[in-house]
Amino acid sequence: MSIVRRLRLRDLRCYETADAAIGERLTIVHGANGAGKTTLLEALYLGCTGSSCRTRNEREVVRFGAPAARVELDLERHDGPHRLAVGYEPGQPKRLTADGAPVERLLDVPFRPLVSVFLPDRLELVKGPPALRRSHVDQLVAGLWPARRARRRAYSQALAQRNALLARVRSHATGRDALATWDLELGRHAVALRADRIDAIARIAKGTELVGGELGLAGRLELRLRSRSDATDAESFACELAARLDTDLERGFTTHGPHRDELDLLRDGRALRTYGSQGEQRLGLLALLLAEREALEAERDHAPLLLLDDVLSELDGARRELLLEHAGRAGQVVLTTTEPERLPDAALAASSVLQVAGGTVRELVRA
Ligand SMILES: Nc1ncnc2c1ncn2[C@@H]1O[C@H](COP(=O)(O)OP(=O)(O)OP(=O)(O)O)[C@@H](O)[C@H]1O
Ligand SMILES: [Mg+2]
């Protein structure tokens, strides 16, 4: 895996062109509201993953009046320089390249940096529906153990096929017996997926609790996977499915399995999503993301690029320092703020600073 050295972009939101160096540790991006700070983080995310972290509708990222947007990242790895590029033109397939060669997905490129992002709307991960948390854990699994990436897709495909079969049984196109082999197949994938999630959560649970404390979150932060299944092999999962077949047939879909797991984030035993204050939810989420980053560093020997958008504004002075101290321990961090003067001097002194205004980026050279 690599670190990001430079970011170049063209016709991305408010930028016509921009070219900026990214520091080896902390990079601070500052500027007024609307200056283009979040867009720089979005560009980094886009360059690392091929997708925007801000919108599903990628048309939005193309600068008004421009035909296409482009992002390029210069990377550096132990074996030398590498480059990733993403070209997006509405109505056309996205053009992704790694070292100049077209690729289908950046996620499969071995030298692509892992990336972890905190945008203000990521609080949805704490507050929103369980599906967001499930896919977050599954992404962590993929980050920790790339070889297991395919397992979630395999489960989803088997689930879709079972649901299709349920519909056929409901319409009497086929008998109930037809489900038995599918249930075993689904069971195989379900048990594997659940084991992956348990493994991933085991890697970050203690860390989340510790980092939560370090960031000054009062109370004990706890992560828990809540699953209605306790099957440890395909056969017992198939039995659980068989026991619910009448319900499934009545409702027309599979009501049991890891697609209904819930990941609970608790503070002193109570759900943070229900009882946490805005600041507590923010700290809880930051603790989770930082713990994941430590786990990824331990497993893959490389901390993901961490993008922190406007995290400081709602934190008090002491917690702001704790966060910066923690985030700066390893790997690259890019952080945006409208108020650089409120950053601790030590953080400012140790970082690269980018000043953005009106769609231009200026690298401030330290004296
Ligand atoms: N497709 C687009 N074309 C041109 N400008 C755009 C496009 N999409 C967004 N913008 C503008 O880009 C500017 C920069 O947005 P960005 O979100 O990066 O600002 P910011 O510095 O993060 O601001 P804030 O401090 O308010 O979060 C905004 O003025 C926004 O209206
Ligand atoms: Mg912003």
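Along each chain, the written sequence defines residue order, and numbers are assigned to residues from 1. In the order they appear in the text, chains get letters beginning with A and ligands get numbers beginning with 1. Only residues with pLDDT of at least 70 are given local features in this predicted model, and only at 80 or more are side-chain atom pairs given and counted; all residues enter the totals for whole chains, interfaces and linings. Excluding hydrogens and water, the side-chain figures rest on all heavy atoms present in the structure.

Draft legend 1. Up close: the pairing of strand 1 (residues 3-12). Following DSSP output, two strands are said to pair if at least two bridges run between them. The secondary structure listing takes helices from DSSP runs of H or I that are at least 4 residues long and strands from runs of E that are at least 2 residues long, numbered from the N terminus. The pairing of strand 1 with strand 4 (residues 69-77) spans seven bridges and is antiparallel. Bridge assignment links Arg6 to a residue of strand 4, and that residue is Asp74. The pairing of strand 1 with strand 2 (residues 15-21) spans six bridges and is antiparallel. By the bridge assignment, Arg8 is partnered in strand 2 with Asp19. The turn linking strand 1 back onto strand 2 is made up of two residues, and Arg13 within it adopts a positive phi angle of 45°.

Draft legend 2. Focus on unusual backbone geometry. In this structure, Asp11 takes a positive phi of about 55° despite not being glycine. Relative to the elements of secondary structure, Asp11 occurs in strand 1.

Draft legend 3. A look at the site of ligand 1. Throughout, the term near means that a residue has one or more heavy atoms lying within 4 Å of the molecule or strand in question. Around ligand 1, 16 residues are found, and the nearest of them are Gly34, Lys37, Thr38, Thr39 and Arg54. N or O atoms closer than or at 3.5 Å make up a polar contact, with two conditions inside protein: a donor-capable atom paired with an acceptor-capable one, and, for residues adjacent in sequence, both atoms drawn from side chains. Here Ala35 contributes a backbone N or O atom positioned 3.2 Å from an oxygen atom of ligand 1. To be clear on the numbers: accessible area is Shrake-Rupley with a 1.4 Å probe, and residue cover counts the displayed protein chains and nothing else. Coverage of ligand 1 by the protein amounts to 71% of the 660 Å² it exposes when considered alone. A per-class count over the shell around ligand 1 returns five nonpolar, six polar and five charged. Classes in brief: Ala, Val, Leu, Ile, Met, Phe, Trp, Tyr, Cys and Pro nonpolar; Asp, Glu, Lys and Arg charged; the others, Gly included, polar.

Draft legend 4. View of the pattern of salt bridges. By definition here, a salt bridge exists when the distance from a side-chain nitrogen of Lys or Arg to a carboxyl oxygen of Asp or Glu is within 4 Å. On inspection of all chains with the given rule, the structure shows 38 salt bridges. The partner of Asp11 in a salt bridge is Arg63, and the shortest N-O contact between them spans 2.8 Å. Residue Asp11 is found in strand 1, and its partner Arg63 is found in the loop between helix 1 (37-49) and strand 4; the two are separated by 52 residues along the sequence. Relative accessible area decides the class of each residue, using a 1.4 Å probe on protein chains only: under 20% of the type maximum gives buried, over 50% gives exposed, and in between gives partly exposed. Judged by relative accessible area, which is 25%, Arg63 ranks as partly exposed. The residue Glu58 makes a salt bridge to Lys94 at a minimum N-O spacing of 3.0 Å. Of this pair, Glu58 sits in the loop between helix 1 and strand 4 while Lys94 sits in the loop between strand 5 (80-88) and strand 6 (95-98), and the two are 36 residues apart along the sequence. Overall, Glu58 belongs to the buried group, its relative accessible area being 13%. On the basis of relative accessibility, which here comes to 31%, the residue Lys94 falls in the partly exposed class. What emerges from the salt-bridge pattern is a single network uniting Arg8, Arg70, Glu72, Asp74 and Arg83.

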